[in-house]
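Chain and residue survey
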Amino acid sequence: MTNWIDLRTVIMRLTCMFSFILLFGAAGLVVFIHLQDPEEIVHQQTPVKQSDSLHPSENMPTKLQSTDRRQSSIMFAMKDQQNSEENNSIRLHKRRRRFIIKKSPILISINSSVLNLPTLKSEDRNSDKWKNLYQIQRERKQIMKETCSKYKSNNRRIITPYHVSRIFVEDKYRVLYCEVPKAGCSNWKRVLMVLNGLASSTKDIQHNTVHYGNYLKRLDGFDHKGIYHRLNTYTKMLFIREPFEKLVSAFRDKFEHPNNYYHPVFGKAIISRYRVNATKEALRTGAGVKFKEFIQYLLDVHRPVGMDIHWDHVNRLCSPCLIDYDFVGKFESMEEDANFFLHLIGAPQNLTFPKFKDRHSNEERTTSKITKQYFAQLSPSQRQQSYDFYYMDYLMFNYSKPFEDLY
């Protein structure tokens, strides 16, 4: 009898322990899913190794992040069936892209500023200029909201320091600026420094001071209370640029000029992987990367070196579906949008957005014409895959297809 009781006791204890282990595991899984970065969930679906690296010549870290790409499905057939099967391939590719986007956990914002978008002053309400610019902002925000709502996840997520790591803080005028490289970020940092009283004029601030001086605070440098307070009360803004044009601008800046970081870190890896019969000098220095090689690296799910903020998606850099931005400016209308924003926040009237080119001032700015010249070096398939790579940025910020043959 005693042995039977002991046996029952042991069985009950084992049952309790097993139940506790299951409950603990389930709770841990819930916490992990809740805290997991939404973008990383997407990229974990592919066997891509992420890596981080510090830029040796910059104080801000350069994120080497691997991102997902959508591969084009190209079907080859006999000439007499080519047209029919090509149409089938296009339909298949579109369905696949819709599936990928539909399954991506892009999130609706869970915070909003008290003022949302700074209201027009009474004296501005009768001005057609200000009313038109205000309406443009309403339309841009509406498109972002609709895109996020259409492709959002059902899960509610918190904002972590990771999501705000690219946001700069200006406390005096209560501004949060999400940095998008190659979209006027250097001059915007100059403006923030002037607003903060660190300089009297944007012309007085050199490039090295802007990027290496650490004069501006980042939002992830605050505690959780400080982050949420600023997200909910400051005016949050970002400026974006046509994705292909931004990409070409980054390539020209980093690979067509001497650079003691991008050549040895990215250039050597790209040439080693994608150039046939590369010379010892090219392999040693990493200089002379060709645009087609750069695109091969960008579209490769097994990249020899990770992503970089200069060609990463705006959707990843600024999390616009998670953070409710109050103002969305475009590089293509920079002067008008920037000065309208400064007007809305009550900046000094003598402060306007700088027009000068920050680097390589003697070189022509990257335009749509120059961008098309670079993309003309690619095959139709590579252009399509590049468009797919930045598809969400095109969709969210309402940019037209850069080439007519894209679908």
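Under an unreviewed UniProt entry, the name given to the protein chain is Carbohydrate sulfotransferase, and the source organism is Melopsittacus undulatus. Database annotation for the protein chain, UniProt heading Sequence similarities (unreviewed entry): "Belongs to the sulfotransferase 2 family." If you open the UniProt record of the protein chain and go to Subcellular location (unreviewed entry), you find "Golgi apparatus membrane".

Our focus in this paragraph is the sheet that holds strand 1 (residues 167–170). Taken in spatial order, the 5 strands of this open sheet run 3-1-2-4-5, and their pairing is mixed. If you trace the sheet from one side to the other, it starts and ends with strand 3 (217–218) and strand 5 (327–330), each paired once. Judged from the 2 bridges that link them, strand 1 and strand 3 form a sheet pairing that is antiparallel. In the strand pairing of strand 3, Val169 is matched with Lys217.

Because side chains alternate across strand 5, one face comprises the buried residues Phe327 and Gly329, and the other comprises Val328 and Lys330, equally buried. Bridge count between strand 4 (residues 235–240) and strand 5: 4 bridges; the pairing is parallel. Looking across to strand 5, one finds that Phe239 is bridged to Gly329.

What the rule picks out here adds up to 2 disulfides. Each sulfur in the disulfide pair Cys148 and Cys321 lies 1.9 Å from the other. For the disulfide bridge between Cys148 and Cys321, the dihedral angle about the S-S bond is near -85 degrees, and by the sign convention the bridge is left-handed. Here Cys321 lies in the loop between helix 12 (314–318) and strand 5 and Cys148 lies in helix 4 (residues 128–150), a separation of 173 residues in the sequence. Of the two residues, Cys148 and Cys321, neither departs from the other in class, the shared state being buried.

Let us look at helix 11 (residues 291–299). Because an α-helix completes one turn every 3.6 residues, residues spaced three or four positions apart along the sequence face the same direction. With 7 of 9 residues buried, helix 11 is to be regarded as a mostly interior element. Inspection of helix 11 places Phe291, Glu293, Phe294, Ile295, Tyr297, Leu298 and Leu299 among the buried residues, and these make up the whole buried set. Considering only its buried residues, helix 11 is in contact with helix 8 (243–255), helix 9 (262–274), helix 14 (368–375) and helix 15 (380–389).

Two measures define how a pair of helices packs: the angle their axes make with one another and the distance between the axes. Between helix 11 and helix 15, the least distance of the axes is 11 Å, while the angle of their chain directions is 50 degrees. By the angle between their directions, the pair helix 11 and helix 15 is classed as oblique. Crossing of helix 11 against helix 15: the hand is left-handed. In this structure, helix 11 contributes Lys292, Ile295, Gln296, Leu298 and Leu299 to the contact, and helix 15 contributes Gln382, Gln385, Ser386 and Phe389. Considering only residue class, the contact of helix 11 with helix 15 consists of 4 nonpolar, 4 polar and 1 charged.

The full count for this structure, using the stated rule, is 18 salt bridges. Here Asp324 makes a salt bridge to Lys141, at a shortest N to O gap of 3.5 Å. Taken together, the residues span a long stretch of sequence, with Asp324 in the loop between helix 12 and strand 5 and Lys141 in helix 4 at a distance of 183 residues. The pair Asp324 / Lys141 is uniform in exposure class, with both members buried. A salt bridge links Lys182 to Asp253, with the nearest nitrogen and oxygen atoms 3.2 Å apart. Highlighted residues: Lys182 in the loop between strand 2 (175–178) and helix 5 (185–195) and Asp253 in helix 8, separated in sequence by 71 residues. Each of the two residues, Lys182 as well as Asp253, counts as buried. Within the structure, one salt-bridge network assembled from shared partners comprises Arg166, Glu179 and Lys189.

Before going further, it helps to spend a moment on the layout of surface pockets. Considered as a void within the structure, the largest pocket measures approximately 680 Å³ in volume. In terms of lining, the largest pocket is formed by 36 residues, of which the most central are Lys182, Gly184, Ser186, Asp358 and Arg365. Going through the elements one at a time, helix 5, helix 6 (207–212), helix 8 and helix 13 (334–344) are the ones with two or more residues in the lining of the largest pocket. Per-element tally for the lining of the largest pocket: the top contributor is helix 8, with 4 residues. Of the residues that constitute the lining of the largest pocket, the class distribution is 11 nonpolar, 10 polar and 15 charged.

Reading the values: rules and limits
Residues numbered from 1 in each chain as written. Predicted model: local features only at pLDDT ≥ 70, side-chain atom pairs only at ≥ 80, totals over all residues. Heavy atoms only, no water. UniProt positions renumbered as here; feature names shortened; annotations may be inferred. Pairing = 2+ DSSP bridges. Helix = DSSP H or I, 4+ residues; strand = E, 2+ residues; numbered from the N terminus. Buried < 20%, exposed > 50% of the residue type's maximum accessible area, 1.4 Å probe, protein only. Disulfide = S-S within 2.5 Å. Contact = heavy atoms within 4.5 Å. Axes fitted to C-alpha atoms, helices over the stretch in contact; angles between N-to-C directions. Parallel < 35°, antiparallel > 145°, perpendicular 65-115°, else oblique. Left-handed = near helix turned anticlockwise from the far one by under 90°. Nonpolar A, V, L, I, M, F, W, Y, C, P; charged D, E, K, R; others polar. Salt bridge = Lys/Arg side-chain N within 4 Å of Asp/Glu carboxyl O. 1 Å grid on protein atoms, 1.4 Å probe; cavity = no way out; pocket = protein on both sides within 12 Å on 5 of 7 lines; lining within 4 Å. Points joined across faces, edges and corners; volume = space filled by probe spheres on them.

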